[in-house]
Amino acid sequence: MSENPAKSSFGTATPGQGKVAARMPKDERLARASPRSVGKPAAGLSDGTLSGLRSTRPPSPRGKKAKPATQYDRFIPNRSAMDMASSQFNIARADGDAPLDGATIAYQEEVARACGVSINKRILTFKEEAPTSEKDDLRQVYSRPALKSSASTSAKRRILNTPERVLDAPGLVDDYYLNLLDWSVSNTLAIGLDQSVYLWNASSGDVDSLCQLEGESYIASIKWAADGSYLAIGTSEGDVEIWDAESQSKIRTMSGHQARVGVMSWERHILSSGCRDGSIWNHDVRIANHKTAELVAHDHEVCGLTWRADGALLASGGNDNRVNIWDARSTVPKFTKMQHTAAVRALAWCPWQLNLLASGGGSYDRHVHFWNTTTTARLNSIDTGSQVTSIQWSNEYRELVTSHGFPHNHLALWSYPSLAKIVDIPAHDTRVLHTAMSPDGQTIATAASDESLKFWRIFESRTKTGRAGKAGTSSAMPQAAAAAGGSAAAAAASALDVSRPTYIR
């Protein structure tokens, strides 16, 4: 359909056109032809004469010339520009005598919209409607306030898929049920390598060998106290040792477990330890008779254990695929969850939502479940596609990091509560066994059975002050002290040598 309005013929002198014709030159009025006479000269007249172009039809009874049938006057509507369906619909609506109620009117409007019929549209149309502009109003576009640069900067947060530092970790035991890595609030990283525990000060770069077990014993778990002064070490023989990190001396040994202690968690002066026989002991480290409670609800090895920040609840996971939530005042589980189909080692309380707990399952489960520990309801779940070995919540962002084993051996960053995956980071050649977060909450350390220790800067602080102090990164670390007496110190320097280049193999 053309976008131009229909043209009128000035070859006839109707009353509506008298003034227009009067303003035209005389020769133009004579030369204006009727559509029927163009190309058909009258009999006996030449094709080139002006009189031959005049209409030969007789005048009307009123003395006026007849209007050609194919032309339109401005008082006669143009049917080609009319919407006949809409016109017929509107005429039929107007013929109704009884007033319509609101429901009927709404129904008619829906039917008309579905049929493509316009309601309350003009029935007679003299010309085509002007085309509507689909472009934005420039006055509105250029009057919008400019976006702040800080918003655009935060939207372009960059997460590198390469580590900031890689260190050797020879002798790391490849066992899913052990917990051999932890980072203290004093910025000291502790790692258990076979029979030894090494301390790496991320601020100064110093590396020290804290202890070495004798015989066939090996390190099964380590855990820093909340203030970073004491380190608890669980052994394969069922002992729990408390070490002073500053003096590097053993304070006491708490015995009693009949099997290895694979996981521990502190709550002020109470140290909880999970054993391979399925029991959990609460130790009061201040008194000689250290055992204050025994929690029994797992049928197999306890491999996940963590206290909530307020100390009111304790979460435990085991090789029996169970998640138990314990009240601090009771030795009976508050509730038990059995939705996992594999061992539950990954447990983490949300730092900015007190009653939110995340739990991750092993190779035959591969899911992360989110629990409301107040209502005991499962809020949501993620199918990660890989064995879940640990979970770390961000303190600043509404995000969490999960580490994985078979088959992808990667780190995954998720937003919460949308649970949309932000990025996958290929972390290690083998399964990621352990993770620990730096005290500033920006860097995550990962240890794998490929005997490497890597540092990933994932949760970079939004503030400039947080950017200046890089805890656990290479920019804030001087060269490690190379001189240390004894073979143990030499082994520590060889295992975690920060004086060498970033990538150490």
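Note: the structure precedes this text.
Read on for an overview of the structure.

About the criteria used
- Residues numbered from 1 in each chain as written.
- Predicted model: local features only at pLDDT ≥ 70, side-chain atom pairs only at ≥ 80, totals over all residues.
- Heavy atoms only, no water.
- Helix = DSSP H or I, 4+ residues; strand = E, 2+ residues; numbered from the N terminus.
- Buried < 20%, exposed > 50% of the residue type's maximum accessible area, 1.4 Å probe, protein only.
- Pairing = 2+ DSSP bridges.
- Axes fitted to C-alpha atoms, helices over the stretch in contact; angles between N-to-C directions.
- Salt bridge = Lys/Arg side-chain N within 4 Å of Asp/Glu carboxyl O.

Concerning unusual backbone geometry
Consideration 1: Residues phenylalanine 406 and proline 407 are joined by a peptide bond in cis, for which omega reads 5°.
Consideration 2: Following tyrosine 416, the chain continues into proline 417 via a peptide bond in cis, with omega recorded as 10°.
Consideration 3: Mapped onto the elements, proline 417 comes out in the loop between strand 24 (410-415) and strand 25 (421-426).
Consideration 4: The backbone of asparagine 321 sits at a positive phi, close to 70°, despite the residue not being glycine.
Consideration 5: Here asparagine 321 is to be found in the loop between strand 15 (313-318) and strand 16 (323-327).
Consideration 6: Since its relative accessible area comes to 24%, asparagine 321 is described here as partly exposed.
Consideration 7: One non-glycine residue, leucine 419, lies in the positive phi region at around 60°.
Consideration 8: Among the structural elements, leucine 419 can be located in the loop between strand 24 and strand 25.

Examining the sheet that holds strand 8 (residues 240-244)
Consideration 1: With respect to topology, four strands assemble into an open sheet ordered 6-7-8-9, the strand pairing being antiparallel. One side of each edge strand has no neighbouring strand; the edge strands of this open sheet are strand 6 (219-224) and strand 9 (249-254). Each adjacent strand pair in this sheet contributes to an overall mean axis angle of 25°, direction not counted.
Consideration 2: In the sheet, strand 6 pairs with strand 7 (residues 230-235) via five bridges, with the strands oriented antiparallel. Directly across from serine 221, in strand 7, lies its bridge partner glycine 234.

Comments concerning the pattern of salt bridges
Consideration 1: Scanning the entire structure with this criterion turns up 13 salt bridges.
Consideration 2: Between aspartate 284 and arginine 286 there is a salt bridge whose closest N-O contact spans 3.0 Å.
Consideration 3: Judged by its relative accessible area of 7%, aspartate 284 is buried.
Consideration 4: Arginine 322 is the partner of aspartate 320 in a salt bridge, and the nearest nitrogen-oxygen pair spans 4.0 Å.
Consideration 5: Connected via shared salt-bridge partners are Asp175, Arg260, Arg276 and Glu301.

It is worth stressing that arrangement in space is one thing and function is another; only the former is reported here.
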